[in-house]
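Next come the chains, spelled out residue by residue.
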Amino acid sequence: ASDADGAEEEGTAIETAEEDAAGDAAEAGEGTVVEIGTELTDEETGDVVTIVSAVRNNPTEYYMASDNPDGEMIYLEVAVTPGEQFGGVVSQQDFLLDDGGEEVNYASTADDELTAAGYTYFEGAPRRDGEATGYIPIYVEQSGDVLKGAYVRPEAKILGEDETIPEFRGEFEIPAA
(Lines give C-alpha, C1' and ligand atoms only; values in the text may rest on other atoms or scores of the structure.)
Protein backbone atom coordinates (compact mmCIF):
# COMPACT_ATOMS: atom_id res chain seq x y z
CA ALA A 1 0.00 0.00 0.00
CA SER A 2 1.10 3.55 -0.65
CA ASP A 3 0.84 6.55 1.65
CA ALA A 4 -0.34 9.80 0.08
CA ASP A 5 0.79 11.85 3.12
CA GLY A 6 4.03 12.77 1.31
CA ALA A 7 2.07 14.76 -1.27
CA GLU A 8 2.87 18.41 -1.84
CA GLU A 9 1.31 20.76 0.70
CA GLU A 10 -0.14 22.99 -2.01
CA GLY A 11 -3.42 21.98 -3.59
CA THR A 12 -7.12 22.53 -3.50
CA ALA A 13 -9.66 20.68 -1.43
CA ILE A 14 -10.68 18.83 -4.60
CA GLU A 15 -7.12 17.64 -5.24
CA THR A 16 -6.80 16.57 -1.59
CA ALA A 17 -10.09 14.66 -1.79
CA GLU A 18 -8.95 12.93 -4.99
CA GLU A 19 -5.62 12.01 -3.38
CA ASP A 20 -7.46 10.66 -0.32
CA ALA A 21 -9.74 8.60 -2.57
CA ALA A 22 -6.73 7.31 -4.48
CA GLY A 23 -4.97 6.45 -1.21
CA ASP A 24 -8.07 4.62 0.05
CA ALA A 25 -8.24 2.64 -3.19
CA ALA A 26 -4.57 1.67 -2.86
CA GLU A 27 -5.12 0.47 0.70
CA ALA A 28 -8.03 -1.68 -0.51
CA GLY A 29 -5.72 -3.52 -2.93
CA GLU A 30 -6.98 -1.61 -5.93
CA GLY A 31 -3.56 -0.39 -7.06
CA THR A 32 -0.69 1.66 -5.69
CA VAL A 33 -0.53 5.45 -5.99
CA VAL A 34 2.82 6.98 -6.93
CA GLU A 35 3.30 10.75 -6.96
CA ILE A 36 4.79 12.33 -10.08
CA GLY A 37 4.20 16.11 -10.08
CA THR A 38 5.76 16.87 -13.49
CA GLU A 39 4.53 20.14 -15.03
CA LEU A 40 4.83 20.57 -18.80
CA THR A 41 4.28 23.98 -20.41
CA ASP A 42 3.48 24.21 -24.12
CA GLU A 43 4.88 27.63 -25.07
CA GLU A 44 3.00 27.66 -28.40
CA THR A 45 -0.49 27.17 -26.93
CA GLY A 46 0.02 28.30 -23.36
CA ASP A 47 -1.30 24.94 -22.09
CA VAL A 48 0.05 23.76 -18.75
CA VAL A 49 -0.23 19.99 -18.38
CA THR A 50 0.60 18.43 -15.02
CA ILE A 51 1.18 14.72 -14.62
CA VAL A 52 -0.02 14.56 -11.01
CA SER A 53 0.29 10.88 -10.13
CA ALA A 54 -0.26 7.36 -11.36
CA VAL A 55 -2.09 4.42 -9.87
CA ARG A 56 -0.04 1.32 -10.68
CA ASN A 57 -0.85 -2.38 -10.65
CA ASN A 58 -4.61 -2.03 -11.05
CA PRO A 59 -6.65 -5.20 -11.39
CA THR A 60 -8.12 -5.25 -14.89
CA GLU A 61 -10.43 -7.10 -17.22
CA TYR A 62 -8.94 -5.23 -20.19
CA TYR A 63 -8.85 -7.55 -23.21
CA MET A 64 -5.08 -7.29 -23.72
CA ALA A 65 -4.46 -8.38 -20.12
CA SER A 66 -6.04 -11.78 -20.72
CA ASP A 67 -3.36 -12.52 -23.32
CA ASN A 68 -0.55 -10.99 -21.28
CA PRO A 69 -0.75 -11.41 -17.49
CA ASP A 70 2.66 -9.69 -17.10
CA GLY A 71 1.33 -6.36 -18.38
CA GLU A 72 0.11 -3.53 -16.19
CA MET A 73 -2.95 -1.28 -16.13
CA ILE A 74 -1.98 2.27 -15.13
CA TYR A 75 -4.36 5.07 -14.24
CA LEU A 76 -2.51 8.29 -15.10
CA GLU A 77 -3.77 11.36 -13.21
CA VAL A 78 -3.51 14.57 -15.22
CA ALA A 79 -4.48 18.20 -14.68
CA VAL A 80 -4.75 20.56 -17.65
CA THR A 81 -4.88 24.35 -17.57
CA PRO A 82 -5.41 25.32 -21.20
CA GLY A 83 -4.00 28.44 -22.78
CA GLU A 84 -6.41 31.07 -24.04
CA GLN A 85 -5.07 31.68 -27.54
CA PHE A 86 -6.36 28.58 -29.37
CA GLY A 87 -9.40 26.35 -29.41
CA GLY A 88 -9.38 22.59 -29.69
CA VAL A 89 -9.01 19.86 -27.09
CA VAL A 90 -6.22 18.37 -25.00
CA SER A 91 -7.14 14.72 -25.60
CA GLN A 92 -6.61 11.62 -23.47
CA GLN A 93 -4.98 10.16 -26.60
CA ASP A 94 -2.15 12.73 -26.28
CA PHE A 95 -0.76 10.94 -23.21
CA LEU A 96 1.61 8.08 -24.03
CA LEU A 97 3.58 5.45 -22.13
CA ASP A 98 6.56 3.47 -23.39
CA ASP A 99 5.62 -0.17 -23.89
CA GLY A 100 8.83 -2.01 -24.78
CA GLY A 101 9.94 0.67 -27.24
CA GLU A 102 6.47 1.40 -28.66
CA GLU A 103 4.34 4.26 -27.38
CA VAL A 104 0.77 3.37 -26.39
CA ASN A 105 -2.07 5.64 -25.36
CA TYR A 106 -5.32 5.27 -23.51
CA ALA A 107 -7.18 1.99 -23.16
CA SER A 108 -10.61 3.23 -24.23
CA THR A 109 -12.50 0.11 -23.18
CA ALA A 110 -11.14 0.36 -19.61
CA ASP A 111 -13.02 3.61 -18.83
CA ASP A 112 -15.76 1.76 -16.93
CA GLU A 113 -13.38 -0.16 -14.66
CA LEU A 114 -11.52 3.08 -13.89
CA THR A 115 -14.74 4.79 -12.77
CA ALA A 116 -15.89 1.62 -10.94
CA ALA A 117 -12.65 1.81 -8.94
CA GLY A 118 -13.68 5.30 -7.81
CA TYR A 119 -11.57 7.48 -10.11
CA THR A 120 -12.78 10.36 -12.27
CA TYR A 121 -12.22 9.67 -15.97
CA PHE A 122 -10.40 12.39 -17.94
CA GLU A 123 -12.64 13.01 -20.94
CA GLY A 124 -10.32 15.52 -22.55
CA ALA A 125 -9.99 19.23 -21.92
CA PRO A 126 -11.68 21.55 -24.42
CA ARG A 127 -9.55 24.69 -24.22
CA ARG A 128 -12.63 26.95 -24.18
CA ASP A 129 -13.98 25.15 -21.07
CA GLY A 130 -10.98 25.87 -18.83
CA GLU A 131 -9.23 23.54 -16.41
CA ALA A 132 -9.83 19.79 -16.36
CA THR A 133 -8.50 16.93 -14.26
CA GLY A 134 -8.96 13.19 -14.16
CA TYR A 135 -7.45 9.79 -14.77
CA ILE A 136 -6.57 8.05 -18.05
CA PRO A 137 -6.34 4.24 -18.19
CA ILE A 138 -3.28 3.06 -20.15
CA TYR A 139 -2.29 -0.59 -20.49
CA VAL A 140 1.33 -1.57 -21.10
CA GLU A 141 2.21 -5.12 -22.10
CA GLN A 142 5.82 -4.73 -20.92
CA SER A 143 5.91 -3.11 -17.51
CA GLY A 144 8.97 -2.11 -15.49
CA ASP A 145 9.96 -0.45 -12.23
CA VAL A 146 10.14 2.98 -13.86
CA LEU A 147 7.98 3.75 -16.88
CA LYS A 148 8.69 6.58 -19.31
CA GLY A 149 5.82 8.63 -20.64
CA ALA A 150 5.11 11.68 -22.75
CA TYR A 151 2.42 14.24 -23.44
CA VAL A 152 2.44 14.97 -27.18
CA ARG A 153 0.39 17.73 -28.78
CA PRO A 154 0.50 17.13 -32.51
CA GLU A 155 1.53 19.76 -35.02
CA ALA A 156 -1.50 21.92 -35.74
CA LYS A 157 -2.58 24.22 -38.54
CA ILE A 158 -4.06 27.47 -37.29
CA LEU A 159 -7.56 27.80 -38.72
CA GLY A 160 -7.98 30.71 -41.10
CA GLU A 161 -4.24 31.36 -41.28
CA ASP A 162 -1.35 30.06 -43.32
CA GLU A 163 0.56 29.09 -40.20
CA THR A 164 1.32 25.82 -38.44
CA ILE A 165 2.46 25.40 -34.85
CA PRO A 166 5.04 22.67 -34.30
CA GLU A 167 4.44 19.51 -32.31
CA PHE A 168 5.04 19.80 -28.55
CA ARG A 169 6.46 16.88 -26.60
CA GLY A 170 6.98 16.85 -22.85
CA GLU A 171 8.34 13.77 -21.10
CA PHE A 172 7.83 12.36 -17.61
CA GLU A 173 8.58 9.24 -15.60
CA ILE A 174 6.32 7.07 -13.47
CA PRO A 175 8.31 5.80 -10.48
CA ALA A 176 8.20 2.26 -9.12
CA ALA A 177 5.28 1.36 -6.88
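Please read these numbers as outputs of a predicted model, since none were measured by experiment.

Colleague: Could you give me a rundown of the nonpolar core, with the residues and numbers involved?
Modeller: Ranked by internal contacts, the top residues of the largest apolar core, which has 39 residues, are Ile51, Leu76, Phe95, Phe122 and Ile174. Elements represented by at least two residues in this core include exactly strand 1 (32–41), strand 2 (48–58), strand 3 (72–81), strand 5 (95–99), strand 8 (132–140), strand 9 (147–153) and strand 12 (168–174). Once residues within four sequence positions are removed from consideration, Ile174 is found in contact with Val34, Ile36, Ala54, Arg56, Ile74, Leu76, Leu97, Asp145, Val146 and Leu147.

Colleague: Give a detailed account of the sheet that holds strand 9, specifying residues and quantitative values.
Modeller: Pairing in this open sheet of 4 strands is antiparallel, and the strands run 6-5-9-12 from one edge to the other. The two strands at the open ends of the sheet, each matched to only one other strand, are strand 6 (102–104) and strand 12. Averaged over all pairs of adjacent strands, the angle between their axes in this sheet comes to 30°, without regard to strand direction. Sheet analysis places strand 9 next to strand 12, joined by 7 bridges and oriented antiparallel. Following the sheet pairing, Leu147 is matched in strand 12 by Ile174.

Colleague: Quick rundown of the pattern of salt bridges? Include the residues and the values.
Modeller: By the definition in use, this model includes 6 salt bridges. In this structure, the salt-bridge partner of Arg169 is Glu103, at a minimum N-O distance of 2.3 Å. Residue Arg169 is found in strand 12, and its partner Glu103 is found in strand 6; the two are separated by 66 residues along the sequence. We classify Arg169 as partly exposed; its relative accessible area is 37%. Looking at Glu103, the relative accessible area reads 38%, which means it is partly exposed. Close ionic contact of Arg169 with Glu171 constitutes a salt bridge, the shortest N to O distance being 2.9 Å. Among the charged side chains, a salt-bridge network with shared partners connects Glu103, Arg169 and Glu171.

Colleague: Any details on the side chain of Asn68? Residues and values, ideally.
Modeller: Along the chain, Asn68 turns up in the loop between helix 2 (63–67) and strand 3. Its relative accessible area of 14% is what places Asn68 among the buried residues.

Colleague: I'd love a proper account of the confidence of the model for the protein chain, names of residues and values included.
Modeller: In this model, the protein chain carries an average pLDDT of 85, and 84% of its residues clear a pLDDT of 70 or more. Looking across the protein chain, the model is least confident in helix 1 (residues 13–27), with a mean pLDDT of 43, and most confident in strand 12, with 98. Note that pLDDT drops below 50 for residues 1–28; the model gives that stretch 22 contacts with residues more than four away or on any other chain.

Colleague: Please give an account of the pairing of strand 8 that cites residues and values.
Modeller: A large share of strand 8 lies buried, amounting to 8 of its 9 residues. Pairing of strand 3 with strand 8, which is carried by 9 bridges, proceeds in the antiparallel orientation. For Glu77, the partnering residue across the bridge sits in strand 8 and is Tyr135.

Colleague: I'd love a proper account of the packing of aromatic side chains, names of residues and values included.
Modeller: This model, assessed by the stated rule, comprises 8 aromatic pairs. On the numbers, 5.5 Å between centres and 65° between planes, the contact of Tyr75 with Tyr119 is edge-to-face. You can see Tyr75 sitting in strand 3 and its partner Tyr119 sitting in the loop between helix 3 (111–116) and strand 7 (125–126), a full 44 residues away along the chain. Look at Phe95 and Tyr151: their rings are 5.1 Å apart centre to centre, the planes differ by 40°, and that puts the pair in the tilted class. Taken as a pair, Phe95 in strand 5 and Tyr151 in strand 9 lie far apart in primary sequence, 56 residues in all.

About the cut-offs
- Residues numbered from 1 in each chain as written.
- Predicted model: local features only at pLDDT ≥ 70, side-chain atom pairs only at ≥ 80, totals over all residues.
- Heavy atoms only, no water.
- Core = buried A, V, L, I, M, F, W, Y, C linked by side-chain atoms within 4.5 Å.
- Buried < 20%, exposed > 50% of the residue type's maximum accessible area, 1.4 Å probe, protein only.
- Helix = DSSP H or I, 4+ residues; strand = E, 2+ residues; numbered from the N terminus.
- Contact = heavy atoms within 4.5 Å.
- Pairing = 2+ DSSP bridges.
- Axes fitted to C-alpha atoms, helices over the stretch in contact; angles between N-to-C directions.
- Salt bridge = Lys/Arg side-chain N within 4 Å of Asp/Glu carboxyl O.
- pLDDT = per-residue confidence, 0-100.
- Phe/Tyr/Trp six-rings, centres within 6.5 Å; stacked < 30°, edge-to-face > 60°.

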